[in-house]
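Residue-level structural notes
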Amino acid sequence: MVLTGPVARYAERMHRLVGDDHHVASPLGAWLVLALVGPAATGAARAELEDVLGTDVDRAAATARSLLDAPHPLVASASALWERSASDALARWRATLPERTETGPLPDQAALDAWAREHTLGLIERFPLTLSPETLLVMATALATRISWADPFQVAAGDALGPDSAWARRLRHVLRTPWHGHDCWIAETARAGDVAVHAAAARPESVDGRDAGMLVVSVAAMPDVPAADVLAAAHEVAVEAARSTVEKGVGRRSLYDLPLGDTPLWSLREEQTRAYAREEHVSAVLPGWSAESRHDLTAAALGFGSAARALGELMGGPPLMYEAVQSAVARYGRYGFEAAAVTAFALATGLPPENVARFAELRFGHPYAVVAVATDTRGGVPAGPWHGLPVYSAWVAQPSELPDEDLAEPPGAV
């Protein structure tokens, strides 16, 4: 049911648009929003969404429901749909959302901020979007993780990053893999060539007789390889690593197939030892890091324009304005890893076009009629025979001067 290929494909689109500045993102969080909107789409909008999602909308929606209704023990997840007023046109689509999706009237900004904090373990303080009077609906997903390494890192001096690293001259301390528990290897990839790989496992949780874990995989390529290619290769390596816990040799190069010496990615040496077979030992040094990012997701390639059109067509109104934004944070350190992302998608009515306005002051300067009608209601419903009955009527043809008491200011007036 889980579609790692389509999500990885979407991740490549998203990271390519974000660029190679320091950032963190959750392509899955954005993909989930599009997958949930998918069943609402028809025609061209449906075809566009299927292209972005990498699969048909029904399969994507089923995957999103399975992920959000049965979240991973180490990945807190939530989804929500808030509407200024519930639309009957959206009722059928609304029924396709995961059972755990929060629905209801559009809350205020403070409540949205509180939702973001609650569903990201406090890692994201503010909801990514700001409400406006024109906002019709907001859809959001939240993902959050806070894990401890099964085996914490050791600490090394910054110069352990090697003479080719500019970071080695700026950092006093970096992380070094412990004697056991972490996995390091060199992998050959189609997109990024030979890469250095480090994988650290979270301390697993036992749930219903199974172990729920997380593997955080770092992948480095040669400095001249474009970031988009390294990220794409990292997705492939990480998925393969998570699936190949038994076949440790999958996707790995033997150290004996590589030349001795130093490169920007590794230092390879050979020592004499006593053993019945050739041995290979791989360790790693890497920096701690943190990132906080905000991503505009309105680029056409990311699909939210198609999602907005799909919901607008379903509502039967004019084209709607939309916003799509993601806030993401992450911290990677000696003892663990934490990350969170909130993806928000909002539809709004457009501002009315420029036009002219007219103002009138009515003048009753000649004879006119007056009718006095009785009213009698209870809870807005007529309650007796008097209701609506004209009781007095007049034709005003001789106006009178206002008496002095009508000219005086009423008691208490300022």
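Residues numbered from 1 in each chain as written. Predicted model: local features only at pLDDT ≥ 70, side-chain atom pairs only at ≥ 80, totals over all residues. Heavy atoms only, no water.

The strands that make up a sheet are held in pairs by hydrogen bonds between backbone atoms, and each pair lies either parallel or antiparallel. Taken in spatial order, the 6 strands make up an open sheet running β2-β1-β3-β16-β15-β14, and their pairing is mixed. Every other strand in the sheet has two partners, leaving β2 (102-105) and β14 (289-296) as the edge strands with one partner each. Within the sheet, the average angular offset between the axes of one strand and its neighbour, ignoring direction, is 10 degrees. The sheet contact formed by strand β3 (residues 135-148) and strand β16 (residues 336-348) spans 13 bridges and is antiparallel. Across the sheet, residue Ala140 finds its bridge partner in β16, namely Ala344. Along the sheet face, helix α6 (residues 109-118) touches β1 (76-83), β2, β3 and β16 and points at about 165 degrees away from the line of β1. (Pairing = 2+ DSSP bridges. Helix = DSSP H or I, 4+ residues; strand = E, 2+ residues; numbered from the N terminus. Axes fitted to C-alpha atoms, helices over the stretch in contact; angles between N-to-C directions. Contact = heavy atoms within 4.5 Å.)

It is worth spelling out the environment of Leu231 at this point. Within the secondary structure, Leu231 sits in helix α7 (residues 227-243). You can call Leu231 partly exposed: its relative accessible area is 27%. Residues Leu231 and Asp20, spaced 211 residues apart in sequence, show a C-alpha to C-alpha distance of 10.0 Å. (Buried < 20%, exposed > 50% of the residue type's maximum accessible area, 1.4 Å probe, protein only.)

Turning our eyes to something else, we now look at the environment of Leu112. Within the secondary structure layout, Leu112 lies in helix α6. Residue classification places Leu112 among the buried residues on the basis of a relative accessible area of 0%. Setting aside chain neighbours within four positions, we find Leu112 in contact with Trp82, Pro107, Phe127 and Leu131.

Inspection of every chain in the model, using the stated rule, returns 16 salt bridges. The closest approach of N and O atoms between Glu48 and Arg309, which form a salt bridge, is 2.8 Å. Of this pair, Glu48 sits in helix α3 (residues 43-53) while Arg309 sits in helix α8 (residues 304-315); the two residues are 261 residues apart in sequence, bridging distant segments of the chain. The partner of Arg253 in a salt bridge is Asp194, with the nearest N and O atoms 2.6 Å apart. In this pair, Arg253 sits in the loop between α7 and β11 (261-262) while Asp194 sits in strand β7 (residues 193-201), placing the two residues 59 residues apart along the sequence. Note on Arg253: relative accessible area 24%, which makes it partly exposed. Since its relative accessible area comes to 22%, Asp194 is described here as partly exposed. (Salt bridge = Lys/Arg side-chain N within 4 Å of Asp/Glu carboxyl O.)

An α-helical turn contains 3.6 residues, so any two residues separated by three or four positions project in the same direction. Listed in full, the buried residues belonging to α3 are Ala45, Leu49, Val52 and Leu53. Looking down the long axis of α3, one finds its buried residues gathered within 90 degrees of arc, a one-sided arrangement. When the buried face of α3 is taken as reference, the exposed residues oriented beyond 90 degrees from it are Gly43 and Ala44. In the core, the buried residues of α3 are packed alongside α1 (4-18), α2 (27-37), α4 (57-69) and α8. Positioned one or two residues after α3, Gly54 has a phi angle of 80 degrees, which is positive. (Arc of directions from axis to C-beta.)

Let us now look at the pairing of strand β5 (residues 173-176). The two faces of a sheet get side chains in turn, since along a regular strand they alternate between them. Relative to β5, strand β4 (residues 154-157) is paired through 4 bridges, and the arrangement is antiparallel. The residue of β5 that forms the bridge with Val155 is Leu175. As paired elements, β5 and strand β13 (residues 285-286) share 2 bridges and run antiparallel to each other. The residue of β13 that forms the bridge with Leu175 is Leu286.

Once that is clear, we can look at empty space enclosed by the protein. A complete count under the given rule lists 1 cavity of 30 Å³ or more for this structure. By volume, the largest cavity amounts to about 30 Å³. As for the largest cavity, its lining consists of Ala11, Glu12, His15, Arg16, Ala228, Leu231, Ala232 and His235. Of all the secondary-structure elements, those providing two or more residues to the lining of the largest cavity are α1 and α7. In terms of residue class, the lining of the largest cavity is made up of 4 nonpolar, 2 polar and 2 charged. (1 Å grid on protein atoms, 1.4 Å probe; cavity = no way out; pocket = protein on both sides within 12 Å on 5 of 7 lines; lining within 4 Å. Points joined across faces, edges and corners; volume = space filled by probe spheres on them. Nonpolar A, V, L, I, M, F, W, Y, C, P; charged D, E, K, R; others polar.)

So, about the side chain of Thr101. Mapping Thr101 onto the fold places it in the loop between α5 (91-94) and β2. Polar side-chain contacts of Thr101 include one of 2.7 Å to the side chain of Ser79. Each residue touching Thr101, except ones within four places of it in the same chain, is listed here: Ser79, Ala80 and Leu81. (Polar contact = N/O pair within 3.5 Å; in protein donor to acceptor, adjacent residues only side chain to side chain.)

What follows covers the sheet that holds strand β6 (residues 183-189). One open sheet holds the 3 strands; their spatial order is β6-β7-β10, and the pairing between them is antiparallel. Since the sheet does not close on itself, it has two edges, and those belong to β6 and β10 (215-220), each with one partner. Across the sheet, the mean angle from the axis of one strand to that of its neighbour is 30 degrees, orientation sign disregarded. Pairing between β7 and β10: 6 bridges, direction antiparallel. Its bridge partner lying in β10, Ala201 is registered against Leu215.

Applying the stated criterion across every chain, the model contains 11 aromatic pairs. On the basis of an interplanar angle of 70 degrees and a centroid distance of 6.3 Å, the ring pair of Trp115 and Phe127 is categorised as edge-to-face. Here Phe127 lies in the loop between α6 and β3 and Trp115 lies in helix α6, a separation of 12 residues in the sequence. Classification of Trp115 by relative accessible area gives buried; the value is 4%. Ring geometry for Tyr332 versus Phe337: centroids 6.2 Å apart, planes at 65 degrees, classification edge-to-face. Across the pair, Phe337 and Tyr332 agree in class, each one buried. Feature note: the residues Trp149, Phe153, Trp289, Tyr332 and Phe337 constitute an aromatic cluster, connected by ring pairs. Sitting over the face of the ring of Trp185, Arg252 holds its NZ or CZ atom 3.8 Å from the ring centroid. Between the NZ or CZ atom of Arg278 and the centre of the ring of Tyr256, over which it lies, the distance is 4.0 Å. (Phe/Tyr/Trp six-rings, centres within 6.5 Å; stacked < 30°, edge-to-face > 60°. Lys NZ or Arg CZ within 6 Å of the ring centre and 35° of its normal.)

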